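Take a look at the letters that make up each chain.
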2 protein chains.
Amino acid sequence: MEKSDRAQQSQRALMGVRDLIVSGEIRAGSRLSEVALAEKLGISRTPLRAALARLGQEGLVDTIPSGGYAVRRFTREDVIDAIELRGVLEGTALRLAAERGVAPARMGDLHRLLVELDTTLRGTVEVMDFDRYVDLNAAFHERLWGLASQTIRREIERVTSLPFASPSAFLDKQADVPAFRRSLYGAQAQHRAMVNAIEMREGARAESLAREHARLARQNLEHVLDEDRSLIRRVPALSLVMG
Amino acid sequence: MEKSDRAQQSQRALMGVRDLIVSGEIRAGSRLSEVALAEKLGISRTPLRAALARLGQEGLVDTIPSGGYAVRRFTREDVIDAIELRGVLEGTALRLAAERGVAPARMGDLHRLLVELDTTLRGTVEVMDFDRYVDLNAAFHERLWGLASQTIRREIERVTSLPFASPSAFLDKQADVPAFRRSLYGAQAQHRAMVNAIEMREGARAESLAREHARLARQNLEHVLDEDRSLIRRVPALSLVMG
DNA sequence: TTCTTGCAAAATGTATACAACCGGTGTTCA
DNA sequence: TGAACACCGGTTGTATACATTTTGCAAGAA
């Protein structure tokens, strides 16, 4: 065991199992055999069990009453509620930030990100810098989370650890689809409005905007599930969703 | 290892460590030595580490960058935000229940609990059945949580696993204080209003009521911290709060 | 056929051994 | 005198052995 391996087997286990689940290599509902997984990942059962316990807390696997874990099955309602929950929590973060005030330096960061996001949307839908928008969008949301206290940030991060509840869930490179691209213009308008609401100390408005902003993800979800199911494969996290 | 001990050492470890922390036997900020704890609880390090990892997820202990865990220090703001978060999440549960509708049987359960809660408040402040109210109150809130989907219920349960964020945090037997007793009449009125709002499908009202209801806990907290610090000892969870 | 019963293989939960690492202390050298 | 360094106790992270339980399956009886 080398120096750089310290506390790293657990990390490998966590990422490895998560990847196996999200990629769909292990079907939803199937039991996770510790020995098989440990062998597959080339680690022992101890760090693997730690990873499984953590994934249980994250909600990606269920604990079986008689022992062990199984890949959780997500219904459409589960996904919708996870997205709703993200909206509620981000909304709370923004409301409290607006009510309590934010240091100017942080507002400056947000403004800079807004400007950068705008530049990626300059051109037409076809030529816009989609990849760069995705990165900046993730950074923007993380800055928003940073406005909240540790207690609230923890919950946001837990909820968004579900792959389909993250702000980037439908914005991966694989999911570069015209319908999703078009939604970015409205999303960016909401970004600006959210920052403005915080600056104006309009807590309720900030909260409402964050909730509505998360609804974009729900729209994208419903577009995939109801109108163009061929896209399911493009959004990896959705392999977990049944019917 | 006997039959009934299966998967029970982990439970004992979890409850044991949590108790040591909440009771204040281990000071906030101090490091948790695995070997010492394991010996103290009479178990091996393996289930103990599982318990510590879980407490880390719950937010009761922090992970130390160089390895291991320490009892988390909670500021007053941490506690306030945890209570606020409970209000937000319970509010979301109620709003969604109101918007989506609730099966009559469940509403019946809630009404029965309301009636029982009322009976405990019949007499004067001095003779009311405080202990019974506490139990019924906990049951009532759990029923409310049951109205939400699994995804949301999970988060509620995680947040309320912090001892001072639970609906019963300031209603333990030890915390039987006139100021807290008096707040129960208003609380019960809010209970009735919340159920009514759900029945009337008034989602926004239900959400607001749940948030305001959680504020009672904040009032009690501030009463303890600002007006009668001698009560800190009566509310065990507050031994974790610094300054 | 279908349900019950017994058994064996596999899986989990726990204990323990081992290796790497962190922090502090004493020593040594400039 | 002070700083660098080597070492050592104590601690965590990992691997593995072991005991008990779960479970799938086959055989037998109703």
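Notes on the structure in this doc start here.

### Here's the deal with the sheet that holds strand 3 (residues 69-71) of chain A
All names here are of chain A.
Then, number 1: Read across the sheet, three strands follow the order 1-3-2 without closing on themselves; strand pairing throughout is antiparallel. The sheet terminates laterally at strand 1 (31-32) and strand 2 (61-63), the two strands that pair on one side only.
Then, number 2: Bridge count between strand 1 and strand 3: two bridges; the pairing is antiparallel. Of the residues in strand 3, the one forming a bridge with Leu32 is Tyr69.
Then, number 3: On the sheet, helix 3 (residues 45-58) packs against strand 1, strand 2 and strand 3 and is oriented at approximately 100 degrees with respect to strand 2.

### Section: the packing of helix 5 (residues 104-120) of chain B against helix 8 (residues 178-199) of chain B
Residues and elements named next belong to chain B.
Then, number 1: For the pair helix 5 and helix 8, interaxial distance at closest approach is 11 Å and the crossing angle is 160 degrees. Comparing their axes, helix 8 and helix 5 come out roughly antiparallel. For helix 5 against helix 8, the interelement crossing comes out left-handed. Contacts from Met107, Leu110, His111, Leu114, Val115, Leu117 and Asp118 in helix 5 reach Gln188, His191, Arg192, Val195, Ile198 and Glu199 in helix 8.

### Some remarks on the interface of chain A and chain B
Then, number 1: In this complex, chain A contributes 30 residues to the contact, which on the side of chain B involves 30 residues.
Then, number 2: Summing the contributions of chain A and of chain B, the shared interface buries around 2,600 Å²; its carbon and sulfur component is 41%.
Then, number 3: If you sort the residues of chain A by the area they bury against chain B, A:Gln57, A:Asp81 and A:Thr151 come out on top, with a joint share of 22%.
Then, number 4: Inspection of the region where chain A meets chain B yields nine salt bridges.

### Here's the deal with the sheet that holds strand 3 (residues 69-71) of chain B
Residues and elements named next belong to chain B.
Then, number 1: With antiparallel pairing, the three strands of this open sheet are ordered in space as 1-3-2. What marks the edges here is a single partner per strand, and that holds for strand 1 (31-32) and strand 2 (61-63).
Then, number 2: Here helix 3 (residues 45-58) sits on the sheet and contacts strand 1, strand 2 and strand 3; the angle it forms with strand 2, its principal contact strand, is near 100 degrees.

### Digging into helix 5 (residues 104-120) of chain A
Residue and element names in this part refer to chain A.
Then, number 1: Counted at 1.5 Å a residue, the expected span for helix 5 with its 17 residues is 24 Å, and the 25 Å between its end C-alpha atoms agrees.
Then, number 2: Of the positions making up helix 5, those classed as buried are Met107, Leu110, Leu113, Leu114, Leu117 and Thr120. What you see down the axis of helix 5 is that its buried residues fit within an arc of 130 degrees, all on one side. Along helix 5, exposed side chains directed more than 90 degrees from the buried face belong to Pro104, Ala105 and Arg112.
Then, number 3: Packed against the buried residues of helix 5 are helix 6 (130-146) and helix 8 (178-199).

Calculation criteria
- Residues numbered from 1 in each chain as written.
- Chains lettered and ligands numbered in written order.
- Predicted model: local features only at pLDDT ≥ 70, side-chain atom pairs only at ≥ 80, totals over all residues.
- Heavy atoms only, no water.
- Pairing = 2+ DSSP bridges.
- Helix = DSSP H or I, 4+ residues; strand = E, 2+ residues; numbered from the N terminus.
- Contact = heavy atoms within 4.5 Å.
- Axes fitted to C-alpha atoms, helices over the stretch in contact; angles between N-to-C directions.
- Parallel < 35°, antiparallel > 145°, perpendicular 65-115°, else oblique.
- Left-handed = near helix turned anticlockwise from the far one by under 90°.
- Buried area = accessible area lost by both parts, 1.4 Å probe.
- Salt bridge = Lys/Arg side-chain N within 4 Å of Asp/Glu carboxyl O.
- Expected span 1.5 Å × (residues − 1).
- Buried < 20%, exposed > 50% of the residue type's maximum accessible area, 1.4 Å probe, protein only.
- Arc of directions from axis to C-beta.

In short, shape yes, function no, at least from these values alone.
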